[in-house]
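So you can see what is in the structure, the chains are spelled out below.
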Amino acid sequence: MNEFVEKVSEKAAKLSDEQVRRILNAAREENEVFDSIMQSIPSGIVIVDKNWCIMRLNRAAKRYMPFFHLHQIKSEPVWNLIADEDISNFISCCAQEQNTNVREEFSVVASDGKARFIVVSVIPLLRKSRIAGSIIFADDVTSKRQKEILIHRIENLKSLTSLAASVAHEIKNPLGAISIHIQLLQRAIKKSRESGGMLPDEQHMEKYLSVVTEEIENLNKIVMDFLFAVRPLKTNMSLADPDAIIEKAMAFFSPELESFGIEVSVSTGSSPVRILIDEKLFREVLVNIVQNAKAAVLSGRKEPGGKIIVKSFVKSDHYILTVADNGCGMDESTCSRIFEPYYTTKADGTGLGLTTVYKIIKEFQGDITVNSQIGKGTVFTIQIPVPQEETMLLEGSQ
């Protein structure tokens, strides 16, 4: 078509009105075919000129990237027309820094109120081997992300068989004790009735009943521990900047910690990174670990000089968060059980805080470890995978 247009342009002055009309009709038909192809492509496509003003876009682009003010399509740069702030900022940065062949993943709220995961890519638009603008692609990867989360949960459920077997073994002992004492109680009542109908001595009955009650409480505790261990968390996963959450949370906690004479140090990564987490639950993880660090420092030091150090960085496709303190520390046995339900070293502790932390990090497809030495302090280390698109961006910015 391009060669045909060039030839027509050269001979335009010699063409009759009828020939010009045929050429225009042919061009219009080809343009309609091109537009039909654009609208049929499942990926969102936005074509912009050198000034980043929209020349063309399809329906999928409007569906994946919420737009407003489309009546200003010719006069405004594309980022001013995109309602989602994160996508708008990403495209604006691409324009300012002249970045091409880049992509990033975003979580957006669709018109139905559900969260969706969108990958936005920017590539150069070439015309006669020169850059004439850019093409912005938007692809919905929600079902892919949901499948990944589902597969992760299925893998976690594999451990339920051995866990259920352990619980069944634990339940046998209380059930056996209950059964024996009920039988003893029944025999005593039967013997009493046969010898005159008088009930056994009250103290004698209460002895058996107290054992039954105690074992029922033990059973209830075992069942509650099991339910807590297997019940899935309600999460609202989205791509978020963990460093922003850390800085905001630690700015809130620092005055309180410093009032106890605890020095607080926060060091986050130089390049922003976004990971797939629930922001509220991630903050809960940080709060829980920092509160444990505070308790360890206050119980382990009689002199000033308490410290809590929070550090984050990206390494080997993982976001790493460490929370270190110079408190009382823990022995090896305590470290090995610290994430177990109802295990606690505090007099007023519930033993569920760090269990919750462990469950949340596992829900984020991450891992958490603890290293500690008596009298020297403790370090909690959290690792959460960085999405591939984010890793590519971080590598490109170095």
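Structural data are supplied above this passage.
Described in the following lines is the structure provided in the data block. These numbers come from a predicted model, not from an experiment. (Residues numbered from 1 in each chain as written. Predicted model: local features only at pLDDT ≥ 70, side-chain atom pairs only at ≥ 80, totals over all residues. Heavy atoms only, no water.)

Let's shift gears to the pairing of strand β4 (residues 115–127). Across a regular strand the side chains alternate sides, sitting on one face of the sheet and then on the other. Across eight bridges, the pairing between strand β3 (residues 102–109) and β4 is antiparallel. Bridge pairing in β4 places E104 opposite V120. As judged from the 10 bridges shared by β4 and strand β5 (residues 130–140), these two strands associate in the antiparallel manner. The partner of I123 across the bridge, within β5, is I135. Following β4, the chain reverses through two residues before pairing antiparallel with β5; K128 in that reversal takes a positive phi of roughly 55°. (Pairing = 2+ DSSP bridges. Helix = DSSP H or I, 4+ residues; strand = E, 2+ residues; numbered from the N terminus.)

Among the nonpolar cores identified, the biggest contains 48 residues, and F282 and F364 are the most heavily contacted of them. Per element, the largest residue contribution to this core is nine residues, and it comes from helix α9 (residues 279–300). One finds W52, I82, V122 and A138 within the second-largest nonpolar core, a separate group that totals 28 residues. (Core = buried A, V, L, I, M, F, W, Y, C linked by side-chain atoms within 4.5 Å. Buried < 20%, exposed > 50% of the residue type's maximum accessible area, 1.4 Å probe, protein only.)

With that settled, the discussion passes to a nonpolar patch on the surface. A cluster of nonpolar side chains, namely V33, I37 and I41, defines an oily patch on the protein surface of about 240 Å² accessible area. Within the secondary structure, I37 sits in helix α2 (residues 17–40). (Patch = residues over 30% accessible without salt bridge, like charges linked within 9 Å, V, L, I, M, F, W, Y side chains within 5 Å. Areas by Shrake-Rupley, 256 points an atom, 1.4 Å probe, with all protein chains shown as cover. Salt bridge = Lys/Arg side-chain N within 4 Å of Asp/Glu carboxyl O.)

For helix α8 (residues 242–259), with 18 residues, the first-to-last C-alpha span of 26 Å sits near the 26 Å given by 1.5 Å per residue. Remark: the principal bend of α8, roughly 40°, maps to F253, with a proline, P255, within the next four residues. Residues of α8 that are buried include every one of P242, D243, I245, I246, A249, M250, F253, S254 and L257, and no others. Phi for G261, located one or two positions after α8, is positive at around 80°. (Expected span 1.5 Å × (residues − 1). Bend = angle between axes of the 7 residues up to and from the residue.)

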